[in-house]
Amino acid sequence: MAGGVIVRDAGEADLPAILQIYNTAVLNETSIWNDDVSDLAERRAWWQARTARGFPVYVADVDGVVSGYGTFGDFRPHQGYRFTVEHSIYVAASAQRRGIGSVLLTRLIAEARRTNKHAMVGGIASDNLASPALHERFGFVETGRMAQIGFKFGRRLDLVLMQKLLA
């Protein structure tokens, strides 16, 4: 299926679909460590803040349906981290395991290189088996594991940090 995916800049019209994907993850997955769902105003503010700072927000469009989204932003707010970005990729439950994550990650890596970033970091819940496998295929390596720093669904979660040097 990945061949039929168009990755494009997200626009305001895509925000309801992004919101649906985000809220589904909040309610059902450990990929987003929030307990509360978002609303359209919050997603709009998030998108506007990202794009105003020059960070990408991409959607994966499959036959006119937003099936996933990806973005990156500052890894940490201090100047010394200005060449490092942390990225996120979320795929609609109905579209998972069809190569959409790979297409989005390819585009994010290309954009990070184009904007002279040196490193990309992904923070992944340790119970997520698919995401580390995806990242390893793209040359990311596990560089850290932080035990029990998150909490969701009544349990403590470990955070796995994966990194790719782009130079």
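Above this text is the structure in question.
The rules behind these values
Residues numbered from 1 in each chain as written. Predicted model: local features only at pLDDT ≥ 70, side-chain atom pairs only at ≥ 80, totals over all residues. Heavy atoms only, no water. Helix = DSSP H or I, 4+ residues; strand = E, 2+ residues; numbered from the N terminus. Expected span 1.5 Å × (residues − 1). Buried < 20%, exposed > 50% of the residue type's maximum accessible area, 1.4 Å probe, protein only. Arc of directions from axis to C-beta. Axes fitted to C-alpha atoms, helices over the stretch in contact; angles between N-to-C directions. Parallel < 35°, antiparallel > 145°, perpendicular 65-115°, else oblique. Left-handed = near helix turned anticlockwise from the far one by under 90°. Contact = heavy atoms within 4.5 Å. Nonpolar A, V, L, I, M, F, W, Y, C, P; charged D, E, K, R; others polar. Phe/Tyr/Trp six-rings, centres within 6.5 Å; stacked < 30°, edge-to-face > 60°. Lys NZ or Arg CZ within 6 Å of the ring centre and 35° of its normal.

Student: In this structure, what is going on with helix α3 (residues 100-114)? I would like to understand it.
Tutor: Because an α-helix completes one turn every 3.6 residues, residues spaced three or four positions apart along the sequence face the same direction. The terminal C-alpha atoms of α3 lie 21 Å apart, and with 15 residues this matches the ideal 21 Å at 1.5 Å per residue to within 8%. The set of residues buried in α3 consists of Ile100, Gly101, Leu104, Leu105, Leu108, Ile109, Glu111 and Ala112. Down the axis, α3 shows its buried residues gathered within 165 degrees of arc, on one side only. The first or second residue beyond α3 is Asn116, which carries a positive phi of 65 degrees.

Student: Looking at this structure, how should I read the packing of α3 against helix α4 (residues 130-137)?
Tutor: Any two packed helices are characterised by the angle at which their axes cross and by the distance between the axes. As a packed pair, α3 and α4 sit with axes 11 Å apart at the nearest point and diverge in direction by 50 degrees. The pairing of α3 with α4 is recorded here as oblique in orientation. For the crossing formed where α3 meets α4, the hand is right-handed. Taken together, the residues of α4 that come into contact with α3 (itself represented by Gly101, Ser102 and Leu105) are Leu134, His135 and Arg137. Taken together, the residues of the contact of α3 with α4 break down into two nonpolar, three polar and one charged.

Student: Mind showing me how you'd approach the packing of aromatic side chains here?
Tutor: Given two aromatic rings, their pairing is described by the distance between the two centres and the angle made by the two planes. Inspection of the entire model under this criterion finds four aromatic pairs. When the centroid spacing of 6.2 Å and the interplanar angle of 70 degrees are considered together, the rings of Phe55 and Phe72 count as edge-to-face. Placement of Phe55 in the loop between α2 (40-52) and β2 (57-62) and of Phe72 in strand β3 (residues 65-74) is noted, with a sequence separation of 17 residues between them. You'll find Phe55 and Phe72 in the same group, each marked buried. Relative to Tyr81, the ring of Phe75 has its centre 5.6 Å away and its plane inclined at 65 degrees; by these criteria the two rings are edge-to-face. Phe75 gets classed as partly exposed once you look at its relative accessible area, which sits at 26%. Looking at Tyr81, the relative accessible area reads 29%, which means it is partly exposed. In this structure, Arg43 packs its charged tip against the face of Tyr22, placed 3.9 Å from the ring centre.

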